[in-house]
Amino acid sequence: MNDTISTTELYSILDMTPVSENIMLSGKHGIGKSQILTEYYSSKGCKVVPLFLGQMSDPGDLLGLPSRD
């Protein structure tokens with residue numbers, strides 16, 4: 001099964017995805033996944049916060065800590 005898509009196809013998907021949704025791309029290290037998303041959303045005036053799952057050692061790094069609000 002080949003789940004590879006082109007950058008053009010990715011942009012089309014991103015155009016249909018609400019900016020309030022999180023995006024997760026998977027692929028080989030160093031191919032520009034974070035750069036593509038950062039440039040795409042920055043060009044639309046959105047704040048981008050990349051999270052690198054391979055660098056996280058605790059579930060709280062991804063999910064955050066509980067709040068009593």
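Above this text is the structure in question.
So, here's what we can say about the structure.

**Some remarks on the overall build of the protein chain**
So, step 1. A tally of helices and strands in the protein chain yields three helices and zero strands.
So, step 2. The order of helices and strands in the protein chain, counted from the N terminus, is α-α-α.
So, step 3. Here the protein chain, with 69 residues, has 9% of them falling under the buried criterion.
So, step 4. Put simply, the protein chain shows about 6200 Å² of open surface, and 54% of that area lies on carbon and sulfur atoms.

**Some thoughts on the nonpolar core**
So, step 1. Leu10, Leu14, Leu37, Tyr40 and Tyr41 together form the largest nonpolar core, which totals five residues.
So, step 2. Looking at this core, the elements with two or more residues in it are helix 1 (7–16) and helix 2 (33–43).
So, step 3. Among the elements that make up this core, the one with the highest residue count is helix 2 (three residues).

**Here we look at helix 2**
So, step 1. By the burial criterion, the buried members of helix 2 are Lys33, Leu37, Tyr40 and Tyr41. Across the axial projection of helix 2, the buried residues extend over an arc of 85°, all falling on one side. In helix 2, the exposed residues that point more than 90 degrees away from the buried face are Gln35 and Ser43.
So, step 2. Its buried side turned inward, helix 2 meets helix 1.
So, step 3. One or two positions beyond helix 2, positive phi appears at Gly45, with a value near 80°.

**Quick notes on the packing of helix 1 against helix 2**
So, step 1. Helix 2 packs onto helix 1 with a crossing angle of 45° between their chain directions and a minimal axis gap of 12 Å. One element, helix 1, and the other, helix 2, form an angle in the oblique class. Crossing handedness for the pair helix 1 and helix 2: right-handed. In this structure, helix 1 uses Thr7, Leu10, Tyr11, Leu14 and Asp15 to contact helix 2, whose residues at the interface are Ile36, Leu37, Tyr40 and Tyr41.

**Points about a nonpolar patch on the surface**
So, step 1. A surface patch of nonpolar side chains, amounting to about 310 Å² of accessible area, comprises Ile5, Ile13 and Met16.
So, step 2. Of note, Met16 is situated in helix 1.

**Quick word on the side chain of Lys33**
So, step 1. Inspection of the secondary structure assignment puts Lys33 in helix 2.
So, step 2. We note that Lys33 is buried and unpaired, the nearest opposite charge coming from Glu39 at a distance of 14 Å.
So, step 3. Within the local environment of Lys33, its side chain forms a polar contact with the backbone oxygen of Lys28, the two atoms lying 2.7 Å apart.
So, step 4. Once you skip the residues sitting within four places of it in the chain, Lys33 turns out to touch Leu25, Ser26, Gly27 and Lys28.

Conventions used here
- Residues numbered from 1 in each chain as written.
- Predicted model: local features only at pLDDT ≥ 70, side-chain atom pairs only at ≥ 80, totals over all residues.
- Heavy atoms only, no water.
- Helix = DSSP H or I, 4+ residues; strand = E, 2+ residues; numbered from the N terminus.
- Buried < 20%, exposed > 50% of the residue type's maximum accessible area, 1.4 Å probe, protein only.
- Areas by Shrake-Rupley, 256 points an atom, 1.4 Å probe, with all protein chains shown as cover.
- Core = buried A, V, L, I, M, F, W, Y, C linked by side-chain atoms within 4.5 Å.
- Arc of directions from axis to C-beta.
- Contact = heavy atoms within 4.5 Å.
- Axes fitted to C-alpha atoms, helices over the stretch in contact; angles between N-to-C directions.
- Parallel < 35°, antiparallel > 145°, perpendicular 65-115°, else oblique.
- Left-handed = near helix turned anticlockwise from the far one by under 90°.
- Patch = residues over 30% accessible without salt bridge, like charges linked within 9 Å, V, L, I, M, F, W, Y side chains within 5 Å.
- Salt bridge = Lys/Arg side-chain N within 4 Å of Asp/Glu carboxyl O.
- Lys, Arg positive; Asp, Glu negative; His and termini not counted.
- Polar contact = N/O pair within 3.5 Å; in protein donor to acceptor, adjacent residues only side chain to side chain.

These figures come from the coordinates and say nothing about function on their own.
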